[in-house]
Amino acid sequence: MARNDWINSYLEAILDVGTSKKKRFESNSKIVQKLGDINSKDHQEKVFGDMNGKDHQEKVFSPIKYFVEEVVNSFDESDLYKTWIKVIATRNTRERSNRLENICWRIWHLARKKKQIVWDDGVRLSKRRIEREQGRNDAEEDLLSELSEGEKDKNDGEKEKSEVVTTLEPPRDHMPRIRSEMQIWSEDDKSSRNLYIVLISMHGLVRGENMELGRDSDTGGQVKYVVELARALANTEGVHRVDLLTRQISSPEVDYSYGEPVEMLSCPPEGSDSCGSYIIRIPCGSRDKYIPKESLWPHIPEFVDGALNHIVSIARSLGEQVNGGKPIWPYVIHGHYADAGEVAAHLAGALNVPMVLTGHSLGRNKFEQLLQQGRITREDIDRTYKIMRRIEAEEQSLDAAEMVVTSTRQEIEAQWGLYDGFDIKLERKLRVRRRRGVSCLGRYMPRMVVIPPGMDFSYVLTQDSQEPDGDLKSLIGPDRNQIKKPVPPIWSEIMRFFSNPHKPTILALSRPDHKKNVTTLVKAFGECQPLRELANLVLILGNRDDIEEMPNSSSVVLMNVLKLIDQYDLYGQVAYPKHHKQSEVPDIYRLAAKTKVLSTKILLNNMSI
């Protein structure tokens, strides 16, 4: 697992989240204690503030207050001492003035109290100034670590100018940037952990084998992401069990496997105490009907109830097996997309465990893009996509999450930055303050972690053939009808579209969705005559039997693609096969690579002739 950076980064991040609750509880305790101290000091300032004239100002002039202020502020201690000695030394009790003695004592006492209060205020203000400066410096250091070299040089120049002005303070020890707590997931500690991790992906068609990616807008890359994440986590030492919760579908429109309550994703490794990973399908809404994600919002409470019953049951069962009867609660609950994020927020609150969120696609970003296109009104957008309900769920998930997993920095700044519950600058400052143990004064934001998606290379096979292009030559060469070596079926399915299969291949592989911008690619290919002469275009747009039976959004994209092919007369230059399997994706990429190499060789041979 040392080579699997994706899973190691994920585990380090969620394990770091697991300890954050304890740290935040201790921080809150310190804040409460500090507030108690401040309240007591505020009480003292209130008592003596009227005499000092600092914290309380009267609109009406008070001669008594003015007299006391003048006496306390401008008296001479040597004169006061002489007066006190004179009063004490008076032998005659008739001449001795108790009133004068009392006044002298009170003036001295008030002056001492005032000095003490001023001293305490100065100490408190200096501490706050140091904490503020330290937080600012740490935030600047944190930001510098994420800047490019040119931005660093520019920032260093500005920092040097500021240091010339502010060098009056004595230098403090340099505090290095604190990164993820690597020791939490050390090699020595892996065997002692029995983590139970829960992943939630509510919508779409989720199964372990023969995933129908691209069948509709709900069954895309997110399905593959969560399935492979569950498998990879279960094969990691220290993880006892991984459950992927999704919706149970028993509709005749889909395969029967989506109605099975439990599906094993991966078997436990030999010689380990792990339970493996499972897909758990929770009944939610109408079981005999496939419900798109836009219509699942009313059924979320039912899904939460079913998921809670399952988690409690598994936690008790695992506790009886490996923990002496004490339940093993989930170490983290990870919600994927807005609907599963809301489910995870409810479950994390009920079970008091950390929550992790991955947005995959965000509502506010989509809402702004649809408005900029100008094709549909706000009311129609909300009616079609239930976008306001989705944004509400994302805001709720953002407030409840301990950590948000993103793929890029752009997702943090340009997409999550649109939400009320997140501010990029404030999040960095709070993160630095938490690392340094400085009070955040009640403010909280989830930790943003960039973990680029990984890839499972277990089904990608390398070829050690002496002539790696021989199989392709037998398919597109002059003796194509006498194929001696078997070739992948998807190659034949693609090559039958081309009138000149020797050209290099431009490959686009995605589901037929408007935001994938496939129509723009076809239009650009059709309008560029030199590109059409140089290469062929391959469009792998999901799986379909009949365009009319596909969801409206997918059928519109495919119809537009076919119209553009006809408009630019791209027949014989564009391939758009109807079916492909997930296991054939490496062969599709290999075909694109081979056609480029083979075309280069043919071109060089023609030039030599």
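Check the entry above for the structure.
Keep in mind that this is a model prediction, so the values were computed, not measured. (Residues numbered from 1 in each chain as written. Predicted model: local features only at pLDDT ≥ 70, side-chain atom pairs only at ≥ 80, totals over all residues. Heavy atoms only, no water.)

### Observations regarding the overall build of the chain
Thinking step 1. Counting its secondary structure elements, the chain contains 20 helices and 11 strands.
Thinking step 2. Looking at the chain residue by residue over its 609 residues, the buried ones come to 43%.
Thinking step 3. When the accessible surface of the chain is summed, it comes to about 34800 Å², and 52% of that surface belongs to carbon and sulfur atoms. (Helix = DSSP H or I, 4+ residues; strand = E, 2+ residues; numbered from the N terminus. Buried < 20%, exposed > 50% of the residue type's maximum accessible area, 1.4 Å probe, protein only. Areas by Shrake-Rupley, 256 points an atom, 1.4 Å probe, with all protein chains shown as cover.)

### Brief notes about the sheet that holds strand 11 (residues 574-575)
Strand pairs in the sheet, formed through backbone hydrogen bonds, run parallel or antiparallel to each other.
Thinking step 1. With respect to topology, 3 strands assemble into an open sheet ordered 9-10-11, the strand pairing being parallel. Looking along the sheet, the strands with just one partner apiece sit at the ends: strand 9 (505-510) and strand 11.
Thinking step 2. Of the strand pairs in this sheet, strand 9 and strand 10 (residues 536-541) are connected by 6 bridges, and their pairing is parallel. Residue pairing for strand 10: Ile506 is matched across the bridge by Leu537.
Thinking step 3. In the packing of helix 17 (residues 518-527) onto the sheet, the strands contacted are strand 9, strand 10 and strand 11, and the crossing angle to strand 10 comes to about 165 degrees. (Pairing = 2+ DSSP bridges. Contact = heavy atoms within 4.5 Å. Axes fitted to C-alpha atoms, helices over the stretch in contact; angles between N-to-C directions.)

### Brief notes about the packing of helix 10 (residues 363-373) against helix 12 (residues 387-400)
Thinking step 1. Packing of helix 10 against helix 12 leaves a shortest axis separation of 9 Å and a crossing angle of 150 degrees. Contact residues: Gly363, Arg364, Lys366 and Phe367 in helix 10; Ile387, Met388, Arg390, Ile391, Glu394 and Glu395 in helix 12.
Thinking step 2. Class assignment of the residues belonging to the contact of helix 10 with helix 12 gives a composition of 4 nonpolar, 1 polar and 5 charged. (Nonpolar A, V, L, I, M, F, W, Y, C, P; charged D, E, K, R; others polar.)

### What about the pattern of salt bridges?
Thinking step 1. As enumerated under the stated definition, the model contains 19 salt bridges in all.
Thinking step 2. The shortest N-O distance in the salt bridge between Asp255 and Arg207 comes to 3.3 Å. With Asp255 in the loop between strand 2 (239-247) and strand 3 (262-266) and Arg207 in the loop between strand 1 (195-200) and helix 7 (221-234), the pair connects residues that are 48 residues apart, well separated along the chain.
Thinking step 3. Assessed through its relative accessible area of 32%, Asp255 is described here as partly exposed.
Thinking step 4. Residues Arg364 and Asp420 are paired through a salt bridge, measuring 3.6 Å at the closest nitrogen-oxygen approach. Placement of Arg364 in helix 10 and of Asp420 in the loop between helix 13 (409-415) and helix 14 (424-436) is noted, with a sequence separation of 56 residues between them.
Thinking step 5. In this structure Arg364 comes out as partly exposed when scored by relative accessible area, which is 23%.
Thinking step 6. Each of Arg207, Glu212, Arg215 and Asp255 takes part in one network of salt bridges that share partners. (Salt bridge = Lys/Arg side-chain N within 4 Å of Asp/Glu carboxyl O.)

### Regarding the pairing of strand 10
The side chains of a regular strand alternate between the sheet's two faces.
Thinking step 1. Burial within strand 10 is extensive, with 6 of its 6 residues counted as buried.
Thinking step 2. Taking every second residue as pointing to the same face, both faces of strand 10 are buried, with Asn536, Val538 and Ile540 on one and Leu537, Leu539 and Leu541 on the other.
Thinking step 3. When strand 10 meets strand 11, the two strands line up parallel, connected through 2 bridges. For Leu537, the partnering residue across the bridge sits in strand 11 and is Val574.
Thinking step 4. Following the chain from strand 10 across helix 19 (residues 552-567) to the adjacent parallel strand 11, one finds a crossover that is right-handed. (Right-handed = clockwise from strand over helix to strand, strands pointing away.)

### Things to note about the pairing of strand 2
Thinking step 1. Counting buried positions along strand 2 yields 9 of 9 residues, so the element is predominantly enclosed.
Thinking step 2. Direction of pairing for strand 1 relative to strand 2: parallel, over a ladder of 6 bridges. Opposite Val198, over in strand 2, you have Asp243 as the bridge partner.
Thinking step 3. Remark: the strand 1/helix 7/strand 2 crossover connection has right-handed handedness.

### A short note on the nonpolar core
Thinking step 1. By size, the foremost hydrophobic cluster in this structure holds 54 residues, and its most contacted members are Ile200, Phe303 and Trp416.
Thinking step 2. Of all the secondary-structure elements, those providing two or more residues to this core are strand 1, strand 4 (276-282), helix 8 (300-322), helix 9 (337-351), strand 6 (355-358), helix 10, helix 12 and helix 14.
Thinking step 3. Residue contributions to this core peak at 9 residues, all from helix 9.
Thinking step 4. Setting aside anything within four residues of it in sequence, one finds Phe303 in contact with Ile200, Met202, Leu245, Thr246, Arg247, Ile282, Cys284 and Val343.
Thinking step 5. By size, the runner-up hydrophobic cluster in this structure holds 30 residues, among which are Val223, Val226, Val332 and Val405. (Core = buried A, V, L, I, M, F, W, Y, C linked by side-chain atoms within 4.5 Å.)

### Re the environment of Ile588
Thinking step 1. Tracing the sequence through the fold places Ile588 in helix 20 (residues 585-608).
Thinking step 2. Spatially, the C-alpha atom of Ile588 lies 9.0 Å from that of Ile494, the residues being 94 residues apart in sequence.
Thinking step 3. Residues in contact with Ile588, not counting those within four places in the same chain, are Ile490, Leu507, Leu509, Ile540 and His580.

### A word on unusual backbone geometry
Thinking step 1. Although it is not a glycine, Asn517 sits at a positive phi angle of roughly 65 degrees.
Thinking step 2. Topologically, Asn517 is positioned in the loop between strand 9 and helix 17.
Thinking step 3. Even without a glycine there, the phi angle at Asp569 is positive, about 55 degrees.
Thinking step 4. Relative to the assigned elements, Asp569 resides in the loop between helix 19 and strand 11.

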